[in-house]
Amino acid sequence: MLFNRTAAVDLHLLARAVNWTLPLALVLCIGAGQVLSFYFHFLTVPLFYLNLLNISYLWVQRRHTLLRNFGIVGQGRYFLESIGPELRQYLFANDREERPFNRVQRTEVYRKSRGVDSTSAFGSLREFDGTEVKLRHSMFPTSPAEVEPFELVIGGDRSDGASVEPFTMRSPLFISGMSYGSLSAAAVEALSRGAAEAGIPMNTGEGGYPKYHLRGGADLIFQLGTAKFGVRHEDGRLDEDALRELCAQPQVRMIEIKFSQGAKPGKGGLLPKEKISPEIAALRGVPMGRDVVSPPRHAECRDLASTVAFIRRIQEVSGIVTGIKVCLGSPDEFDALLREMMSQGVLPDFITVDGAEGGTGAAPAAFLDGVGLPLYTGLVTVDHLLRRARVRDRIKLLASGKLVTPKRQVQSLCLGADACGTARGFMLAMGCIQALECNHNTCPVGITTHDPALLRGFFVPEKSRRVANYAAALNKDFVELLAALGVTRADQLGLGHVYIPESHPLAATIRHFGGEPEPVLLLDGAPDR
Amino acid sequence: MKPNPLQSGWHRSLSWVLQLLVAGLLVVPAWNKLTSEPYAVELFAGLGMEPTGRYAIGVIELAAVALLLLPSTAVWGALLAFSVMVGAFITHLTRIGFGGDMLPTTVMWALVSAGAAALLILHRCRLPLFREALDRKPEPEPDDSL
């Protein structure tokens, strides 16, 4: 593109001119230094360097064709390309075209987290003839005051007759899994304090024994990753004593056994070596100087039977509410797992369905972009399979996967979730600018880096307040949306409250399961769930 | 933060030795220029750069010394020192010659140039535009500042 002969400036000619001008200018400067004034040699030296550089580009190096053909002018391309992401974000990208989160979505989170008005005017910027899922409001909205306080009880009596002390969520929101390691200690602490203030639980991510997560006093969901960081023996098997001790901590309320994760389904967690400090290595029990790659599956889970046995073992050892996290791949496989659970009489207390659109940390691009089912499809499928097996009332469904705005959160509740979480939403609330550098230890706003110079600007009390503000604003919107949909409780939400255009892939999924993508009029509430 | 290019311990030690050597040698002429030593005044008068040029070069030399003493900026110090030496070379070549009275200065020039050049080679992958000129990409070492 840079060397386009049809462009107004002939860049080939420009490059050639520069390559001749540089040595000429050097000679002229030396001459002027001798004849006119010795001061000209202040220019001779930089020109000497430029010529040296140009010669090495043109005749020494062989890696870059552009530099070998055109010399120093070719650097213009690399320079412009390197600042391209910033230029696009600041100047050229539309408000609605950036990924993963466009400017409108980010602005909504920023405004919510600052506690300022987040209404906009003069109409939606979205393409309304498009294929988006929408919420169906009622002609007879309830009033927000009529909406009952949210309450979701997870755990309690289990199908095998045992019982576990239940955990009650008072908000449909939780902070999805982010480890210390992927996040800085300060960011984790800000999240923990904010979550405690907002009264929502937070997931620890698979970052080993929680330390900074405990600082703020929030209720914790301990994520047991495939590498079992924090509760592992040297060989990667479960250390039961460590798990027991961990679960005895009053703040640790639930355990989430991670089978797969939306950012990289079918692959274990990944922490790049740049981000491993001695403390992180110690908390996880891993060496430094190498990428930490979790195995793709738990060592104990070889097949369906051993997987269900492993869930039972964790339930028994931990003694607290225990669930699993999956990003759905094959519905048949999940159905088979469900059957195995029922034949062994073991059910997880909850299932977190992670959408393939999820992902905070490092993941190979092929996995980020190309593996796993998106949240809505996965959620509807899991919900359907649980209903078909008649265990939906025993297993609570949590959803995560790009649920940063109330619209998608309430939609996920309509599509089958009992509660919903987001990780990146809370990162944005803490000031993430979507620099997309989470895997390099160079996060410019101190959230996903351990570089003290970049952490300097991250002031924990301010950020924790933003986390709490964001959660509070989401809860408020949640109540208002419920009222607009004409219901008084979250568990009245159902497929009848979402409009799914025929062209949306979800329509086919729902029809496949015998559901009704175009529901009829529902004056007295939602269909039974 | 840029990755530390120094691959091993002896590289790092060598770098420190060179940094101290170049800085130590360069601080003397810098001081002489800034304090208007007669021989420096005479030299710059001969070049037609008295006093502005003398002070400017003195300040540049002093800045190079300061930069050389910090590990993270040593490469810039070396670049600055080498630049001054290029200028000095032109002066020797065209005005004052290398031998005779100028022999001690010439030896000094050779030492500083060699030291600065060695430092530039050691830290070559830190020189921003020069990185692309290298045929093989040096392996950056993981940052040890954590």
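Residues numbered from 1 in each chain as written. Chains lettered and ligands numbered in written order. Predicted model: local features only at pLDDT ≥ 70, side-chain atom pairs only at ≥ 80, totals over all residues. Heavy atoms only, no water.

Caption draft 1: Molecular detail of the overall build of chain A. Each helix and strand counted, chain A has 18 helices and 14 strands in total. Once the C-alpha set of chain A is aligned to its principal axes, its extents read approximately 100 × 60 × 45 Å. Across the 529 residues that make up chain A, the buried fraction comes to 52%. Long-range contacts, defined here as pairs at least 24 residues apart, represent 67% of the contacts in chain A between residues at least 6 apart. Split by element, the accessible area of chain A, about 24,200 Å² in all, is 57% carbon and sulfur. For chain A, the distance from the average position of its 58 positive side-chain charges to the average position of its 56 negative side-chain charges is 6 Å. (Helix = DSSP H or I, 4+ residues; strand = E, 2+ residues; numbered from the N terminus. Buried < 20%, exposed > 50% of the residue type's maximum accessible area, 1.4 Å probe, protein only. Contact = heavy atoms within 4.5 Å. Areas by Shrake-Rupley, 256 points an atom, 1.4 Å probe, with all protein chains shown as cover. Lys, Arg positive; Asp, Glu negative; His and termini not counted. Charge placed at Lys NZ, Arg CZ, Asp CG, Glu CD.)

Caption draft 2: Spotlight on the environment of Arg 312 of chain A. Residue and element names in this part refer to chain A. Tracing the backbone through its elements, the reader meets Arg 312 in helix 10 (residues 304-318). Arg 312 gets classed as partly exposed once you look at its relative accessible area, which sits at 27%. Distance in space between the C-alpha atoms of Arg 312 and Arg 465 is 39 Å, their sequence separation being 153 residues. Leave out the neighbours within four places in its chain, and Arg 312 touches Asp 160, Gln 344, Gly 345 and Val 346.

Caption draft 3: Local environment of helix 8 (residues 240-247) of chain A. Residues and elements named next belong to chain A. Those residues of helix 8 not exposed but buried are Ala 242, Leu 243, Leu 246 and Cys 247. With its buried residues spanning 125° around the axis, helix 8 presents them on a single face. Those residues of helix 8 that are buried lie in contact with strand 6 (220-224), strand 7 (252-258) and helix 10. Two or three places before Asp 241, at the opening of helix 8, Asp 239 has a side-chain oxygen 3.2 Å from that residue's backbone nitrogen. (Arc of directions from axis to C-beta. Polar contact = N/O pair within 3.5 Å; in protein donor to acceptor, adjacent residues only side chain to side chain.)

Caption draft 4: A look at the nonpolar core. Formed by 122 residues in total, the largest nonpolar core has its most connected members in Ile 175, Leu 191, Leu 224, Leu 243, Ile 351, Phe 426 and Ile 447 of chain A. With eight residues, helix 17 (residues 460-484) of chain A is the largest single contributor of residues to this core. The contacts of Phe 426 of chain A, once residues within four sequence positions are left out, are Leu 173, Phe 174, Ile 175, Leu 191, Ile 200, Val 467, Tyr 470 and Ala 471 of chain A. Membership of the second largest hydrophobic core comes to 26 residues, among which are Ile 57, Val 65, Val 84 and Leu 120 of chain B. (Core = buried A, V, L, I, M, F, W, Y, C linked by side-chain atoms within 4.5 Å.)

Caption draft 5: Representation of the interface of chain A and chain B. On the chain B side, the residues contacting the 26 residues of chain A number 27 residues. Taken together, both faces of the contact between chain A and chain B bury some 2,300 Å²; the carbon and sulfur share is 65%. It is Phe 38, Tyr 39 and Arg 63 of chain A in chain A that bury the most area against chain B; as a group they hold 27% of the surface buried on that side. If you look at where chain A meets chain B, you find zero salt bridges. Our enumeration of links across chain A and chain B arrives at seven residue pairs in polar contact (both at pLDDT 80 or more). The element contributing the most residues to the side of chain A that touches chain B is helix 2 (residues 41-60) of chain A, with ten residues. (Buried area = accessible area lost by both parts, 1.4 Å probe. Salt bridge = Lys/Arg side-chain N within 4 Å of Asp/Glu carboxyl O.)

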